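Fold and contact review
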Amino acid sequence: MIIPKKDKLSADELKQVEKIASDSECTILEIQGQNRCVYAILGDETQEVMFKRIAGLSFIRKVDRIESSYKLMDRRSALADHLVKIGNVEVGKDVPFIIGGPCTIDPANPSLFIETAHALKEVGVQGLRGGVWKPRTNPYSYQGDNKSLDIILQAREETGLPIDIEVMDLEQLKLALEAKVDILQVGTRNALNYSLLKEIGRLSAGTESAVLLKRGRHVASPNEFIAAAEYIVAEGNPNVMLCPRGTTPALDGYRNQPDESISPLLKSKTWAPVVVDPSHSVGHAEYVMACSLASIAYGADGLCIESHIDPSKGIGDDPKQAVRPEKMKEIIEGCGAIWKQRYRP
Ligand code: PEP
Ligand code: MN
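Small disclaimer: the values here were computed from a predicted structure and weren't measured. (Residues numbered from 1 in each chain as written. Chains lettered and ligands numbered in written order. Predicted model: local features only at pLDDT ≥ 70, side-chain atom pairs only at ≥ 80, totals over all residues. Heavy atoms only, no water.)

Some remarks on the coordination of the manganese ion (ligand 2)
As a reminder, the rule being used: The donor definition counts N, O and S atoms within 2.8 Å of each metal and applies 3.2 Å to Na, K and Ca; water is not among these atoms, so some sites may look incomplete. Numbered from the N terminus, helices here are DSSP runs of H or I no shorter than four residues, and strands are runs of E no shorter than two. Exposure categories follow from relative accessible area, calculated using a 1.4 Å probe and restricted to protein chains: below 20% of the type maximum is buried, above 50% is exposed, and the middle band is partly exposed.
On the protein side, the manganese ion (ligand 2) has Cys103 (SG), His280 (NE2), Glu306 (OE) and Asp317 (OD) as donor atoms, found 2.1 to 2.5 Å from it. Each donor residue of the manganese ion (ligand 2) lies on the same chain, and together they follow the pattern C-x176-H-x25-E-x10-D. You can see Cys103 sitting in the loop between strand 7 (97–101) and helix 3 (110–123) and its partner Glu306 sitting in strand 14 (residues 302–306), a full 203 residues away along the chain. By relative accessible area, Glu306 is classed as buried at 0%.

The following block contains the structure:
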């Protein structure tokens with residue numbers, strides 16, 4: 001990782017660095033952070049000669065070598081002070097970053113989604129979620145509809161809230177990027193789909209679209225989870241948030257095994273914000289409050305919660321696990337109180 005003295009290398013300076021790297025069969029990737037650019041060396045960056053030649057250039061502050069399978073995501077990386085910004089909000093800075101909205105947008109009833117969006121804005125959510133295309137275990141269940149993209153775009157227009165939708169393939173990714181979707185969600189099923197993660201990083205590099213990467217349900221270890229995010233950052237988009245959402249269940253009663261206690265482990269290893277999904281973790285609306293509070297107590301920076309004005313009229317997961325906007329208000333207040341007093345190591 002190369003850190004220049006100024007915020008960004010000039011075209012000529014970058015050329016000099018690239019020449020040295022290519023002499024050692026490496027390439028340079030520019031990563032635009034919040035306030036300045038850092039440059040990753042792709043290839044075998046342990047080469048002493050290349051390292052010394054780059055470090056010796058007058059316009060270079062330092063060259064870091066981090067021996068890690070996630071050298072950009074690592075806490076010790078030059079991106080450590082990078083803040084992920086969604087709209088005007090810096091995630092994890094002042095209050096918990098709360099995304100809310102239905103599991104699935106019902107294209108036959110757009111007003112349910114639009115009214116939910118307004119109700120959630122009213123209670124203080126900072127991001128709006130809604131499934132356009134859905135990964136369904138049952139191939140005969142509702143799979144999603146392009147029309148729902150227009151509905152969530154209308155909701156963004158009316159409320160001003162940034163939007164979060166899941167993308168599962170290249171075609172959906174391109175449509176989402178064209179629509180300037182603020183948060184591209186990668187679901188648990190694609191959490192280790194490295195070719196998709198690379199495409200997401202490559203095509204969203206330099207855009208305002210951030211990525212919410214869920215944890216693999218098949219119990220991705222903290223290192224495996226962070227290394228998956230590295231695929232996105234290493235293609236040029238450092239705006240990544242990690243989303244624990246429960247893993248393969250070992251307890252009867254919850255939908256998944258709630259894994260909100262992973263947050264401090266992740267935060268000890270990476271600078272990336274952690275945004276927990278308590279809804280899929282527990283799978284029942286009545287337990288979502290407890291999991292939300294616990295997540296913030298464990299150090300999460302935010303939450304992604306399924307919410308609907310009338311869950312019984314929703315589709316997908318909404319009838320069983322969405323909370324009403326009134327409950328979201330209680331959750332936001334409760335989490336805000338824990339956030340203020342929580343123990344920070
Ligand atoms: C969702 O957010 O609705 C969803 C399908 O999530 P996950 O990928 O965590 O199951
Ligand atoms: Mn869902």
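Notes on the packing of helix 5 (residues 170–178) against helix 6 (residues 194–204)
The geometry of a pair of packed helices is captured by two quantities: the angle between their axes and the separation between those axes. How we decide: Interaxial angle, 0 to 180 degrees, is taken between N-to-C directions of lines fitted to C-alpha atoms, where a helix line uses only the stretch in contact. Our angle categories are set so that under 35 degrees counts as roughly parallel, over 145 as roughly antiparallel, 65 to 115 as roughly perpendicular, and the remainder as oblique. In this scheme the handedness of a crossing depends on how the near helix is turned from the far one: anticlockwise by less than a right angle means left-handed, clockwise means right-handed. Residue contacts follow a heavy-atom distance rule, with two residues in contact if any of their heavy atoms lie within 4.5 Å. In the scheme used here, Gly and all other residues not listed as nonpolar or charged are polar, with Ala, Val, Leu, Ile, Met, Phe, Trp, Tyr, Cys and Pro taken as nonpolar and Asp, Glu, Lys and Arg as charged.
Two numbers describe how helix 5 lies on helix 6: the axes approach to 11 Å, and their chain directions differ by 25°. Viewed along their axes, helix 5 and helix 6 adopt a mutual orientation that is roughly parallel. Note that helix 5 runs across helix 6; the crossing there is right-handed. On helix 6, the residues touching Leu170, Leu173, Lys174 and Leu177 of helix 5 are Leu196, Glu199, Ile200, Leu203 and Ser204. Looking at the contact of helix 5 with helix 6 residue by residue, the classes come out as 6 nonpolar, 1 polar and 2 charged.

Concerning the layout of surface pockets
To be explicit about the condition: Here a cavity denotes a set of grid points, spaced 1 Å apart and computed over the protein atoms alone, in which a 1.4 Å probe fits but from which it cannot get out, and a pocket denotes an open set meeting protein on both sides within 12 Å along at least five of seven lines; residues with an atom within 4 Å of a point are reported as lining. Grid points are joined across faces, edges and corners, and a volume is the space filled by probe spheres set on the points.
What the largest pocket holds in volume is close to 520 Å³. Taken together, 21 residues line the largest pocket, and the ones lying closest to its centre are Lys85, Thr207, Glu208, Ser209 and Asn239. Secondary structure elements with two or more residues in the lining of the largest pocket: strand 2 (27–32) and strand 5 (85–86). Broken down by element, the residue count for the lining of the largest pocket peaks at 3 residues, all from strand 2.

A short note on the site of ligand 1
Defined as follows: Near residues are defined by distance, with any heavy atom within 4 Å of the molecule or strand qualifying the residue. Residues adjacent in sequence count toward polar contacts only when both atoms are side-chain atoms; beyond that, a polar contact is any pair of N or O atoms within 3.5 Å, and within protein one must be able to donate a hydrogen and the other to accept it. The Shrake-Rupley method, run with a 1.4 Å probe, gives the accessible areas here. Residue values count only the displayed protein chains as cover.
Taken together, 13 residues lie around ligand 1, and Arg129, Lys134, Gln185, Thr188 and Arg245 are the ones closest in. Between an oxygen atom of ligand 1 and a side-chain N or O atom of Arg129, the distance comes to 2.8 Å. Between ligand 1 and Lys214 there is a distance of 2.9 Å, counted from an oxygen atom to a side-chain nitrogen or oxygen. Relative to its free-state accessible area of 300 Å², ligand 1 is covered by the protein chains to the extent of 97%. Broken down by class, the residue content of the shell around ligand 1 amounts to 2 nonpolar, 4 polar and 7 charged.

Digging into the nonpolar core
One recurring pattern in soluble globular proteins: nonpolar side chains tend to sit buried together. For clarity, the threshold we go by: Among buried residues, those of type Ala, Val, Leu, Ile, Met, Phe, Trp, Tyr and Cys that are joined through side-chain atoms within 4.5 Å constitute a nonpolar core.
Core analysis: the biggest nonpolar cluster contains 72 residues, and Met73, Leu184 and Leu242 have the highest contact counts within it. The greatest single-element share of this core, amounting to 7 residues, is contributed by helix 7 (residues 222–233). With 18 residues, the next largest nonpolar core counts Val17, Ile20, Cys26 and Tyr39 among its residues.

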